Amino acid sequence: MADEPLVLGIETSCDETGVGVVRGTTLLADAIASSVDEHARFGGVVPEVASRAHLEAMVPTIERALKEAGVSARDLDGIAVTAGPGLAGALLVGVSAAKAYAYALGKPLYGVNHLASHICVDQLEHGPLPEPTMALLVSGGHSSLLLAPDITTDVRPLGATIDDAAGEAFDKIARVLQLGFPGGPVIDRLAREGDPKAINFPRGLTGPRDAAYDFSFSGLKTAVARWIEAKRKAGEDVPVRDVAASFQEAVVDVLTRKAIRACKDEGVDHLMIGGGVAANSRLRSLAQERCDDAGIVLRVPRPKLCTDNGAMVAALGAEMVKRNRPASDWDLSADSSLPVTEPHVPGTAHAHGGHAHGRSHDHGHSHDHVHELSKDNLYS
């Protein structure tokens, strides 16, 4: 274990300041400062509020993670940070902090992809990822089916949502039901006491001519909202638990059905599910049931690792160091729409055929380039 790379990861793509410390595939610390309570009264995440919360929480959260891991910042072999996708202002806070720490410590900087990190975090739970890995990522911003032959260099999108993401639909239906924000946990809880067959809500994009791996939850959201509205107009009580259960069943039915199909079509015998919605109990149970029937091995991290966290960024950063992938340049910036096909953002010299940072067996790095740079470039 001592020979494996020690990496600190910073995640600020949305409303949680996450800092993780990982050695190889072993999680040493996972510190999180959430600003979700500050957004609850608005019914959703407010980008400016999130950015300011990241600024306030960054240094204390990094210090807490290092203390929890029992390591010094100078022991690190690299610093990884989410470069995108996400909220631009929030991402910039994390990228700026990562640059500052990497520059001051003389450590390599790795700007990594938020979605690829959600896949890589499973290594902390179940060991090295099979290659290729089939991943279903479901969150408030994403619903994607991805094939990853190499999590550090090759992630291929098979399908994605064409409108609302699954988590976004949960939040919107929770708002219609007046259940508060975020909607996922409360709907999951109420659904356990409801009948998932009580109301036959539509399953989007499941027709024979529809895109096999794409998702659509906007129509479902509208159908549920109209059903609730009709009940209220008629002066009838809305059976909240049955609505929650039936809505949730429609979402997870489509997600798991398409994921199993992708595994079969691509000849992959395992499925990894990640993202915040992966914490949903019904998604986990239905996925396990359908994977068992299809002879597919299911890998789902524990709920805390499914939501946004710094551990997932550190996990991908450690894999970058282990495989000697090129570090990012100091002009790394946030990219709110960074495509999943770019698991990390290598330096421009490396992207055009340059050489990666040298690394010996004990993960010592050559950082001469750090001292050749002007500090004016630090926050470029």
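A short tour of the structure in this document, coming up. (Residues numbered from 1 in each chain as written. Predicted model: local features only at pLDDT ≥ 70, side-chain atom pairs only at ≥ 80, totals over all residues. Heavy atoms only, no water.)

1. Some thoughts on the packing of helix α6 (residues 166-176) against helix α8 (residues 218-233)
Applied cut-off: A fitted line through C-alpha atoms represents every axis, and for helices the fit uses only the stretch in contact; the resulting angles, taken between N-to-C directions, go from 0 to 180 degrees. A run of H or I in DSSP counts as a helix once it spans at least four residues, and a run of E counts as a strand once it spans at least two, with each numbered from the N terminus. If an angle is under 35 degrees, it is roughly parallel; if it is over 145, roughly antiparallel; if it lies from 65 to 115, roughly perpendicular; otherwise it is oblique. Only heavy atoms matter for contacts: two residues are in contact if any of them lie within 4.5 Å across the pair. All residues other than Ala, Val, Leu, Ile, Met, Phe, Trp, Tyr, Cys, Pro, Asp, Glu, Lys and Arg, Gly among them, are scored as polar; the first ten of these are nonpolar and the last four charged.
Where α6 meets α8, the axes come as close as 10 Å, and the angle between the chain directions of the two elements is 10 degrees. When the axes of α6 and α8 are compared, the pair comes out roughly parallel. Residue-level inspection shows K172, I173 and V176 of α6 in contact with α8, the latter providing K221, V224, A225, I228 and R232. Residues belonging to the contact of α6 with α8 are distributed by class as follows: five nonpolar, no polar and three charged.

2. What about the sheet that holds strand β2 (residues 16-23)?
Using the following cut-off: Being paired, for any two strands, means DSSP has found at least two bridges between them.
The six strands lie next to each other as β3-β2-β1-β4-β5-β11, forming an open sheet whose pairing is mixed. Edge positions in the sheet fall to β3 (26-34) and β11 (344-345), since each has one partner strand and no second. Bridge count between strand β5 (residues 109-113) and β11: two bridges; the pairing is antiparallel. Residue pairing in the sheet places G111 in a bridge with V345 of β11. Helix α3 (residues 88-105) contacts β1 (6-11), β4 (78-84) and β5 of the sheet and is inclined by roughly 160 degrees relative to β4.

3. Observations concerning the sheet that holds strand β10 (residues 297-299)
Taken in spatial order, the five strands of this open sheet run β8-β7-β6-β9-β10, and their pairing is mixed. Since the sheet does not close on itself, it has two edges, and those belong to β8 (154-160) and β10, each with one partner. Sheet twist, expressed as the mean angle between neighbouring strand axes with direction ignored, is 25 degrees. Sheet topology note: the strand β6 (residues 133-138)/strand β7 (residues 143-150) ladder contains six bridges and is antiparallel. Across the sheet, the residue bridging to L136 is L145, located in β7.

4. Notes on unusual backbone geometry
How we decide: Each residue is assigned to one of three classes by its accessible area relative to the maximum for its type, calculated with a 1.4 Å probe on protein chains only: buried under 20%, partly exposed between the two thresholds, exposed over 50%.
Residue P85 follows G84 across a cis peptide bond; omega there is -10 degrees. You can see P85 is positioned in the loop between β4 and α3. Of the consecutive residues F181 and P182, the connecting peptide bond is found in the cis state with omega at -5 degrees. With respect to the helices, strands and loops of the structure, P182 is situated in the loop between α6 and α7 (183-191). Backbone geometry places Q178, a non-glycine residue, at a positive phi of 60 degrees. On the basis of relative accessibility, which here comes to 67%, the residue Q178 falls in the exposed class. Despite not being glycine, L205 has its phi angle at roughly 55 degrees, a positive value. Inspection of the secondary structure puts L205 in the loop between α7 and α8.

5. Some thoughts on the side chain of N309
Spelled out, the test is: What qualifies as a polar contact is a pair of N or O atoms within 3.5 Å, subject to a donor-acceptor requirement within protein and to the restriction that residues adjacent in sequence count only when both atoms come from side chains.
Structurally, N309 is set in the loop between α11 (303-306) and α12 (310-322). Residue N309 is classed as buried on the basis of its relative accessible area of 0%. Polar contacts involving the side chain of N309 include one to the main-chain carbonyl oxygen of T307, which spans 2.6 Å. When sequence neighbours within four positions are dropped, the list of residues in contact with N309 reads E11, G18, D30, I32, V121 and K304.

6. Considerations on the packing of aromatic side chains
Each pair of aromatic rings is reported with the distance of its centres and the angle of its planes. Applicable threshold: Stacked, tilted and edge-to-face pairs are distinguished by plane angle, under 30 degrees for stacked and over 60 for edge-to-face with tilted covering the rest, among Phe, Tyr and Trp rings (Trp via its six-membered ring) whose centres lie within 6.5 Å. Whether a charge lies above a ring is judged from NZ of Lys or CZ of Arg, which has to be within 6 Å of the ring centre and within 35 degrees of the ring normal.
Enumeration according to the criterion identifies four aromatic pairs in this entry. Consider the rings of Y103 and W330, whose centres lie 5.7 Å apart with planes at 85 degrees: the pair is edge-to-face. Taken as a pair, Y103 in helix α3 and W330 in the loop between α12 and β11 lie far apart in primary sequence, 227 residues in all. Ring plane angle 70 degrees and centroid distance 5.0 Å describe the contact between F170 and F247, whose orientation is recorded as edge-to-face. Remark: F247 occurs in helix α9 (residues 240-266) and F170 occurs in helix α6; sequence separation between them is 77 residues. Classification of F247 as buried rests on a relative accessible area of 0%. The ring of F215 carries K258 above its face, with NZ or CZ at 5.9 Å from the centroid.

Function cannot be inferred from these measures alone, as they are strictly geometric.
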